[in-house]
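Structural features, examined
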There are 2 protein chains.
Amino acid sequence: MWRDLDPIGRSASSGGYFRQPFGSAERECHAWFLEQCAARGLEVESDGNGNTIGWWRTGEGQGVLTGSHLDSVLDGGAYDGPLGVVSSFAAIDLLRDRGFVPQRPLGVGAFVEEEGSRFGLACLGSRLMTGAISPAAAQELRDRDGVPLPDAMAASGLDPSLGPGRLLEGVGVFVELHVEQGRDLVDRGAAIGVASEIWPHGRYRFDFTGEANHAGTTRMEDRHDPMLTYAMTAMAANEQARASGERATFGRIEAVPNGTNAVPSRVTAWLDARCATDDSLEKLVTEIGRMGHDRAGRDGTGLSVTAESVSARVGFDPDLAGRLADGHDGGAWPIIPTQAGHDAGILSAAGIPTAMLFVRNPTGVSHSPAEAAETADCLAGVEALATSLERLAGEGATE
Amino acid sequence: MWRDLDPIGRSASSGGYFRQPFGSAERECHAWFLEQCAARGLEVESDGNGNTIGWWRTGEGQGVLTGSHLDSVLDGGAYDGPLGVVSSFAAIDLLRDRGFVPQRPLGVGAFVEEEGSRFGLACLGSRLMTGAISPAAAQELRDRDGVPLPDAMAASGLDPSLGPGRLLEGVGVFVELHVEQGRDLVDRGAAIGVASEIWPHGRYRFDFTGEANHAGTTRMEDRHDPMLTYAMTAMAANEQARASGERATFGRIEAVPNGTNAVPSRVTAWLDARCATDDSLEKLVTEIGRMGHDRAGRDGTGLSVTAESVSARVGFDPDLAGRLADGHDGGAWPIIPTQAGHDAGILSAAGIPTAMLFVRNPTGVSHSPAEAAETADCLAGVEALATSLERLAGEGATE
């Protein structure tokens, strides 16, 4: 399966992946997903948001859902998302080889636009599915070229019908396997971990406005250059987060008119901020905004800060995490927090008992072509996911 | 004439102009230029670079050329370029009204890609025409979408044949009228000025390289974030130039992958730098590069600096400037330096006696939708240009 996905949407120059939702590469991954479901006799259900689940219809009662996402960040790694989907199919194969008979339906899901790389809102598919974002708000989302979400879906051959729908109706529990995006498991010497919580995090648009002017003839002291206000703010954000063990990143920027010989009239940059508590996140963003405003006052520029999405802390079901983590040869899997958002966080916040399994990442690098995982750890991940599904869908499972 | 040009390539949102060379708006301006030549019975000559001159074939010997450019920066003002072209036609009308009989041919020129807004090299048309850039080097130039210069020309219906050609063969002297791009004339209370020199200036590409990573899970201290190296360099450039009365601007930036939730792998930014002497320009750029490299060392990032174009100081012919500036009612026009590059600088460097007239700019703002000039000053500019052409093409002119 890994070999099928390897070339899709891969950049020849960087080796990274460009699988933006409803684009050709991501749709190719989705077609592959449907083939895998068909090859295993899974019954495919989709909603009007672009999310899909393939069900192994067996047993009775509420289903056990696993899966992840197939889209990538711009120039992303191979594992973030697809590892969870591939491992889900592999775990089903393993359970069938073992002759395991589930007492409940088992599903493999693929959720769209987890990364928010096209429409700016992470976990868009799972947010729509759970009602965490209204269809009306989602309809207004546009990509960088101004294409509205429904048009992008229609252009890829889908029939958009945004909103909760009934796709999650039969789901009693969700388990998402994901490559770790830090080095916690490396430090602990463990191949597999279970998530305790997701840090609160958000995306904030910083609009710095100034006065366009000639880069040659305008004296430095006569300028109102928003690029300088931005530069100071980006450095301040870094220092602030570093001092407090939090995260603050300006990774996306657009200057207007973006010409070499003109002082810009506007610089827009997006802050990604993450903290251990909701309060500390608010404090961090407020403080970065305050420093930006102070500098804007000195530069004669303007700054407005808009929260584009804020996700509160998600604490995963501790009993469920314990049930999955305990009782393995070689001891319990460590239970660790993550600073990364996931569809599992959205489903958990929507009241579905949810757990995450992490597979060790030797460098901790993610959202990068250099993202990696050892084959042995990936196989351990499949084994761990199969074991977890056995515990959740086997005899005596109560969830 | 002004009313004809007013709507072409104008942005409804900003009111600024987008007249990039060989694009539809700039070509529309060019078609207007040909109409104006035809209406006055001027004989049109073009070269294979996209430059055009309309000649009033009268008198004998070396011609007197005036004119300017029709392209704009991204989101530029109405006056930068077109004011010189419109004033040239208006000056010819005025001379004919006066019954002036030129002793030499009089030409109105329009040079392409003066701003370098599409192919990154300012004064591209005049550089090609004078041999200041080789055809082979120009053929390699590409716009932001990767379109090579010859393809862009061919797509707009031109038959590209890059290189000097014969368009300047009959030219004995060049006078370019231009809106001032600073406030020197405002400070002096003068409507018209004459240029003494153009500051040395250049464009330098700064490539900052780092390591892409997850914006949430990567600890601040584990990052190699090129955005921070860039931000420090942009602030240092500003402080350095401000302290020395020079100019250093980062107005154009591209981040890769430019995603909100990823530490960038690369940030490319372009420095526009201008100083009073060639030596001080080299010193300024070297110092900014040194500060960037120092910071890169601390950030664990890389920096390479590439000079994309460097224009040495241009001293305009002082005798010619004096001949135009002196002997007016109300006293001599002030002779002032400029920090802005112009086709006049390229022709002067190529050995053609050259002068520039500036028209007062009430705010000094340029390369911006807010660029302005009073109607009375524009009319004074037409008058001044006509007077200058009389002096250069009339009885007893020796140039």
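Residues numbered from 1 in each chain as written. Chains lettered and ligands numbered in written order. Predicted model: local features only at pLDDT ≥ 70, side-chain atom pairs only at ≥ 80, totals over all residues. Heavy atoms only, no water.

Turning our eyes to something else, we now look at the sheet that holds strand β11 (residues 247-256) of chain A. Whether parallel or antiparallel, the strands of a sheet pair through hydrogen bonds between backbone atoms. Residues and elements named next belong to chain A. Read across the open sheet, the four strands follow the order β11-β13-β9-β14; overall the sheet is antiparallel. Each end of this open sheet is capped by a strand with a single partner; those strands are β11 and β14 (302-311). Strand-to-strand twist of the sheet, defined as the mean angle between neighbouring strand axes without regard to direction, takes the value 20°. One ladder, built from nine bridges, connects β11 with strand β13 (residues 266-274); its direction is antiparallel. Across the sheet, residue A255 finds its bridge partner in β13, namely V267. (Pairing = 2+ DSSP bridges. Helix = DSSP H or I, 4+ residues; strand = E, 2+ residues; numbered from the N terminus. Axes fitted to C-alpha atoms, helices over the stretch in contact; angles between N-to-C directions.)

Moving on to the packing of helix α8 (residues 226-244) of chain A against helix α9 (residues 278-299) of chain A. All names here are of chain A. Here α8 crosses α9 at 150°, and the two axes come no closer than 9 Å. By the angle between their axes, α8 is roughly antiparallel relative to α9. In this structure, the crossing between α8 and α9 has a hand that is right-handed. Counting all contacts with α8, which are made through L228, T229, M232, T233, A236, A237, Q240 and A241, the residues of α9 involved are L284, E287, I288, M291, G292, R295, A296 and D299. A per-class count over the contact of α8 with α9 returns nine nonpolar, four polar and three charged. (Parallel < 35°, antiparallel > 145°, perpendicular 65-115°, else oblique. Left-handed = near helix turned anticlockwise from the far one by under 90°. Contact = heavy atoms within 4.5 Å. Nonpolar A, V, L, I, M, F, W, Y, C, P; charged D, E, K, R; others polar.)

Another aspect to go through is the sheet that holds strand β9 (residues 201-209) of chain B. Residues and elements named next belong to chain B. Spatially, β11-β13-β9-β14 is the arrangement adopted by the four strands of the open sheet, whose pairing is antiparallel. Either end of the sheet is taken by a strand with one partner, and the two such strands are β11 (247-256) and β14 (302-311). Strand-to-strand twist across the sheet, computed as the mean angle between neighbouring axes with direction ignored, equals 20°. Helix α8 (residues 226-244) contacts β9, β11 and β13 (266-274) of the sheet and is inclined by roughly 170° relative to β11.

Let us now look at the relation of the copies chain A and chain B. Between the two copies, chain A and chain B, the superposition gives an RMSD of 0.0 Å; the rotation angle is 180° and the shift along the axis is 0.0 Å. Look at the turn and shift together and you get a two-fold axis relating the two. Rotation axis and chain A: the residue whose C-alpha lies nearest the axis is A231(A), separated from it by 2.2 Å. (Least-squares fit on C-alpha atoms with pLDDT ≥ 70 in both.)

We now examine the domain arrangement of chain A. All names here are of chain A. Each assigned domain of chain A is listed here: domain 1 (2-199 + 313-393) and domain 2 (201-311). One C-alpha centre belongs to domain 1, the other to domain 2; they are set 33 Å apart. The partner domain 2 presents 13 residues to the 13 residues of domain 1 that form the contact. Linking domain 1 with domain 2 are zero salt bridges. Summed over the shared surface of domain 1 and domain 2, the number is seven residue pairs in polar contact (both at pLDDT 80 or more). By residue class, the composition of the side of domain 1 that touches domain 2 is five nonpolar, four polar and four charged. (Domains from an automatic or database assignment. Salt bridge = Lys/Arg side-chain N within 4 Å of Asp/Glu carboxyl O. Polar contact = N/O pair within 3.5 Å; in protein donor to acceptor, adjacent residues only side chain to side chain.)

Turning our eyes to something else, we now look at the pairing of strand β17 (residues 354-359) of chain B. All names here are of chain B. Counting buried positions over the six residues of β17 gives six, a clear majority of the element. The alternating pattern of β17 places T354, M356 and F358 on one face and A355, L357 and V359 on the opposite face, and all of these are buried. Both strand β8 (residues 192-198) and β17 contribute to a ladder of three bridges, which runs antiparallel. Following the sheet pairing, G193 is matched in β17 by F358. (Buried < 20%, exposed > 50% of the residue type's maximum accessible area, 1.4 Å probe, protein only.)

Residue and element names in this part refer to chain B. Counting through the fold element by element, S11 comes out in the loop between α1 (2-5) and β1 (17-18). Residue classification places S11 among the buried positions, given a relative accessible area of 15%. A polar side-chain atom of S11 sits 3.0 Å from a polar atom in the side chain of S13. Excluding residues within four positions of it along the chain, S11 makes contact with G16 and F18.

Here the focus is the pattern of salt bridges. Pairing is possible between side chains of opposite charge, provided their charged atoms come close. All names here are of chain A. Tallied over the entire structure, the rule returns 44 salt bridges over all chains. Salt-bridge contacts for R188 lead to D184; the nearest nitrogen and oxygen are separated by 2.7 Å. Of this pair, R188 and D184 both sit in helix α7 (residues 184-188), separated by four residues, roughly a single helical turn. R188 sits in the partly exposed class, given a relative accessible area of 46%. In this structure D184 comes out as partly exposed when scored by relative accessible area, which is 22%. Three or more residues joined by partner-sharing salt bridges are found here, namely R205, D207, R266 and E308.

Taken together, the contact between chain A and chain B spans 61 residues of the former and 61 residues of the latter. Both faces combined, the contact of chain A with chain B buries some 5,300 Å², and carbon together with sulfur accounts for 55% of it. Counting across the interface, chain A meets chain B through two salt bridges. When the shortest N-O distance is used, the salt bridge between D222(B) and R183(A) registers 3.6 Å. Our count for the chain A to chain B interface comes out at 24 residue pairs in polar contact (both at pLDDT 80 or more). Only β5 (74-76), β10 (213-214), α8, β11, β12 (262-263) and β13 of chain A provide two or more residues apiece to the side of chain A that touches chain B. In terms of residue count, α8(A) provides more of the side of chain A that touches chain B than any other element does, ten residues in total. Its residues assigned to classes, the side of chain A that touches chain B comprises 24 nonpolar, 20 polar and 17 charged. (Buried area = accessible area lost by both parts, 1.4 Å probe.)

Turning to the packing of aromatic side chains, a few remarks are in order. How two aromatic rings sit relative to each other is given by the distance of their centres and the angle of their planes. Within the structure shown, the criterion is met by 16 aromatic pairs over all chains. Note on F206(A) and F208(A): the rings are 6.1 Å apart at their centroids and 35° apart in plane angle, and the pair reads as tilted. Across this residue pair, the class does not change: F206(A) and F208(A) are buried. Ring plane angle 80° and centroid distance 5.9 Å describe the contact between W32(B) and F89(B), whose orientation is recorded as edge-to-face. Taken together, the residues span a long stretch of sequence, with W32(B) in helix α2 (residues 24-39) and F89(B) in helix α3 (residues 82-97) at a distance of 57 residues. (Phe/Tyr/Trp six-rings, centres within 6.5 Å; stacked < 30°, edge-to-face > 60°.)

Residue and element names in this part refer to chain A. Cis geometry marks the peptide bond from V256 to P257, where omega comes out at 0°. Counting through the fold element by element, P257 comes out in the loop between β11 and β12. One non-glycine residue with positive phi stands out, namely D75, at about 60°. Mapped onto the elements, D75 comes out in strand β5. A relative accessible area of 7% places D75 in the buried class.

This next bit is on the state of the cysteines. Linking two cysteines covalently via their sulfur atoms produces the bond known as a disulfide. Here the structure, examined in full by the defined rule, presents zero disulfides over all chains. With no disulfide partner, C123(A) has as its closest neighbouring cysteine sulfur the one in C29(A), 18 Å distant. On the basis of relative accessibility, which here comes to 4%, the residue C123(A) falls in the buried class. Among the cysteines around C275(B), which has no disulfide bond, C123(B) carries the closest sulfur, lying 18 Å off. For C275(B), a relative accessible area of 0% gives the class buried. (Disulfide = S-S within 2.5 Å.)

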